[in-house]
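Report on the structure
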Amino acid sequence: ATAAETLTGTSQTLAVTPYALANLGKSLSASGYLKLPGGLKMNWGFVNLSASATTIVTHASAFSSTPYAVAVTLFESNTTARETLKVSSFDATTLHIYNQNAQALAAWHISIGPS
């Protein structure tokens, strides 16, 4: 079965080859995505956040509809207490992260939803 047939599950008679399995939709970069058979997709990335502002992140690969779950975590070696980063909204193509701190910060994000 091709990678596309593997992702959609359209064939009941073709076998999945290692090549097709390895070439499912993906971008394994620092800001990337992975499509799984059955219709689930994960997007992730690293983002620099401006101080006291909302940063709009574009998903590496758009979802077919609103993601099921998103998570953001601060990336910092400094042990200074920081205010929580907030996801102010998200949709099939973007994630809005509000940094309520007076300092510019960096964060990792991950979103899971329908491919």
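I will try to describe carefully the structure that is included in this document.

Procedures and definitions
- Per-chain numbering applies: the sequence of each chain, read as written, is numbered from 1 onward.
- Thresholds applied to this predicted model are a pLDDT of at least 70 for local features of residues and 80 or more for the giving and counting of side-chain atom pairs; totals over whole chains, interfaces and linings are not thresholded and use all residues.
- Note: side-chain values were computed over all heavy atoms of the structure, leaving out hydrogens and water.
- Secondary structure follows DSSP: runs of H or I at least 4 residues long count as helices, runs of E at least 2 residues long count as strands, and numbering of each begins at the N terminus.
- Only protein chains enter the area calculation, which uses a 1.4 Å probe; residues under 20% of their type maximum are buried, those over 50% are exposed, and those in between are partly exposed.
- Patch membership requires more than 30% relative accessible area and the absence of a salt bridge. Residues of like charge join within 9 Å; the nonpolar side chains Val, Leu, Ile, Met, Phe, Trp and Tyr join within 5 Å.
- A 1.4 Å probe and the Shrake-Rupley method give the accessible areas. Residues count as covered only by the protein chains that appear here.
- Salt bridge, as used here: a side-chain nitrogen of Lys or Arg that lies within 4 Å of a carboxyl oxygen of Asp or Glu.
- The rule for pairing is simple: two strands pair if DSSP sees at least two bridges between them.
- Paired rings are identified among Phe, Tyr and Trp, the last through its six-membered ring, by centres lying within 6.5 Å, and are further divided according to the angle between planes into stacked (under 30 degrees), edge-to-face (over 60) and tilted (the rest).
- Lysine NZ or arginine CZ positioned within 6 Å of the ring centre and within 35 degrees of the ring normal marks a charge as sitting over the ring.

With that out of the way, let us pick up the overall build of the chain. A count of helical and extended segments in the chain gives 2 helices and 8 strands. The helix and strand sequence of the chain, counted from the amino end, reads α-α-β-β-β-β-β-β-β-β. With respect to the three principal axes, the spread of C-alpha positions in the chain is 60 × 25 × 15 Å. Within the span of the chain, comprising 115 residues, buried residues form 30% of the whole.

Here we take up a nonpolar patch on the surface. A surface patch of nonpolar side chains, amounting to about 340 Å² of accessible area, comprises Leu-40, Tyr-68, Ile-110 and Ile-112. Considering the arrangement of structural elements, one finds Tyr-68 in the loop between strand E4 (53-58) and strand E5 (69-75).

The element strand E8 (residues 105-114) is largely enclosed, with a buried count of 7 among its 10 residues. Looking at chain direction, strand E3 (residues 40-49) and E8 are connected through 10 bridges and run antiparallel. Residue Met-42 lies in a different strand from E8, and its bridge partner there is Ile-112. By the bridge criterion, 7 bridges tie E5 to E8 in an arrangement that is antiparallel. Residue pairing for E8: Ala-69 is matched across the bridge by Ile-112.

The next subject is the packing of aromatic side chains. Under the defined criterion, the tally for this structure stands at 3 aromatic pairs. Measuring from centroid to centroid gives 5.3 Å for Phe-46 and Phe-75, while their planes differ by 85°, and the two rings are edge-to-face. Placement of Phe-46 in strand E3 and of Phe-75 in strand E5 is noted, with a sequence separation of 29 residues between them. Take Phe-46: its relative accessible area is 30%, and that puts it in the partly exposed class. For Phe-75, a relative accessible area of 46% translates into the label partly exposed. Between Phe-75 and Trp-108, the aromatic rings sit 6.1 Å apart at their centres with planes inclined by 90°, giving edge-to-face as the arrangement. With Phe-75 in strand E5 and Trp-108 in strand E8, this residue pair connects regions lying 33 residues apart in the sequence. Judged by relative accessible area, which is 35%, Trp-108 ranks as partly exposed. Grouping aromatic residues by their ring pairs yields a cluster made of Phe-46, Phe-75 and Trp-108. If you follow Lys-41 out to its NZ or CZ, it ends over the ring of Tyr-33, 6.0 Å from the centre. One residue, Lys-41, lies across the ring of Phe-63, its end atom 5.8 Å from the ring centre.

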